[in-house]
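Now for the letters of each chain:
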Amino acid sequence: MVTVYNKYKSKTTSVTANLGAKNVDKTLRFYESIGFTTLLKFPETGEAEWGLVQKDNTQLMFQNINSLTNEFPELNPHENGGTLTLWFQVNNIKHWFAEVKDKCNVIRPLGVTPYNGATEFVIKDLNGFILHFSDFQF
């Protein structure tokens, strides 16, 4: 099969999760403690309603849960953290685990998975989201 480039066809360039947070400022500080950098915060002064963090090529947005459910009432009946996990593909995972393991709730310590041989660890953030870090290469 030959793929033909069509300059008029739309193309997905990235996806960034916008996650509900009970307290955006505390959430930004948590992510900073595990190696992310806060890029944007709104409003810039006072209590944040929204923020954007980045580590290398990965970005996450956090929006105050009340603001988020006001914007999207469809989210109202759902529990924060829900059945969502975020999977991060990382390099030098052993070094990063050593840096973050004492700063967060580790729910699966660094180890090798029997199903794909990847070195991985899993943590839970203060909003209930499961963050899965792996060095597995496709």
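Before reading on, note that the structure itself is shown above.
Residues numbered from 1 in each chain as written. Predicted model: local features only at pLDDT ≥ 70, side-chain atom pairs only at ≥ 80, totals over all residues. Heavy atoms only, no water.

### A short note on the overall build of the protein chain
Let me state the cut-off plainly: Put simply, DSSP H or I for four residues or longer makes a helix, DSSP E for two residues or longer makes a strand, and each gets a number counted from the N terminus. Exposed residues in this analysis have more than 50% of their type's maximum accessible area, buried residues have under 20%, and partly exposed residues fall in between, with area computed by a 1.4 Å probe over protein chains only. The Shrake-Rupley method, run with a 1.4 Å probe sphere, supplies the accessible areas, and residue values consider only the shown protein chains as cover.
The helix and strand tally for the protein chain stands at three helices and eight strands. Sequence-ordered secondary structure for the protein chain, helices as α and strands as β, is β-α-β-β-β-α-β-α-β-β-β. Residues counted as buried form 34% of the 138 residues belonging to the protein chain. With an accessible surface of roughly 9,300 Å², the protein chain has 52% of that area assigned to carbon and sulfur atoms.

### Comments concerning the nonpolar core
Rule in force here: Here the nonpolar core consists of buried residues drawn from Ala, Val, Leu, Ile, Met, Phe, Trp, Tyr and Cys, with membership extended through side-chain atoms lying within 4.5 Å. What makes two residues a contact is simply this: any of their non-hydrogen atoms within 4.5 Å.
With 25 residues, the main nonpolar core has Y31 and F133 as its most contacted residues. Secondary structure elements with two or more residues in this core: β1 (17-21), α1 (24-33), β4 (58-64), β5 (85-89), α3 (93-100), β7 (119-124) and β8 (130-134). If near-sequence neighbours (up to four positions away) are discounted, F133 is found in contact with F88, V90, I93, W96, T119, E120, F121 and I123.

### What about α1?
For clarity, the threshold we go by: Any N or O atom pair separated by 3.5 Å or less is treated as a polar contact, with the protein-specific requirement of one donor-capable and one acceptor-capable atom, and with residues adjacent in sequence counted only for side-chain atom pairs.
Every buried residue of α1 is listed here: V24, D25, T27, L28, F30 and Y31. At the N-terminal boundary of α1, the capping side chain belongs to N23, with an oxygen 3.1 Å from the backbone nitrogen of D25. G35 lies just past α1 and shows a positive phi near 105°.

### What to know about the sheet that holds strand β2 (residues 37-42)
Rules: Only strands joined by at least two bridges in the DSSP assignment are considered to pair. Each axis is a line fitted through C-alpha atoms, taken for helices only over the stretch in contact, and angles between the N-to-C directions span 0 to 180 degrees.
Read across the sheet, four strands follow the order β1-β4-β3-β2 without closing on themselves; strand pairing throughout is mixed. Two strands lie at the open edges of the sheet, namely β1 and β2, each paired on one side alone. With direction set aside, neighbouring strand axes in the sheet form an average angle of 25°. In terms of strand pairing, β1 meets β4 through five bridges, oriented parallel. Counted as the bridge partner of A21 is N64 from β4. Against the sheet, α1 touches β1, β2, β3 (50-55) and β4, its axis set at about 160° to β4.

### Quick look at the sheet that holds β7
Ordered by their spatial adjacency, four strands build an open sheet running β5-β8-β7-β6, and the pairing between neighbours is mixed. At either end of the open sheet lies a strand with only one pairing partner, and these are β5 and β6 (105-112). Averaged over all adjacent pairs, the angle separating strand axes in this sheet is 15°, with direction ignored. Bridging between β5 and β8 involves five bridges; their strand directions are parallel. Residue pairing for β8: W87 is matched across the bridge by H132. This element, α3, spans β6, β7 and β8 of the sheet and lies at about 25° to β7.

Distances and angles like these do not, on their own, reveal function.
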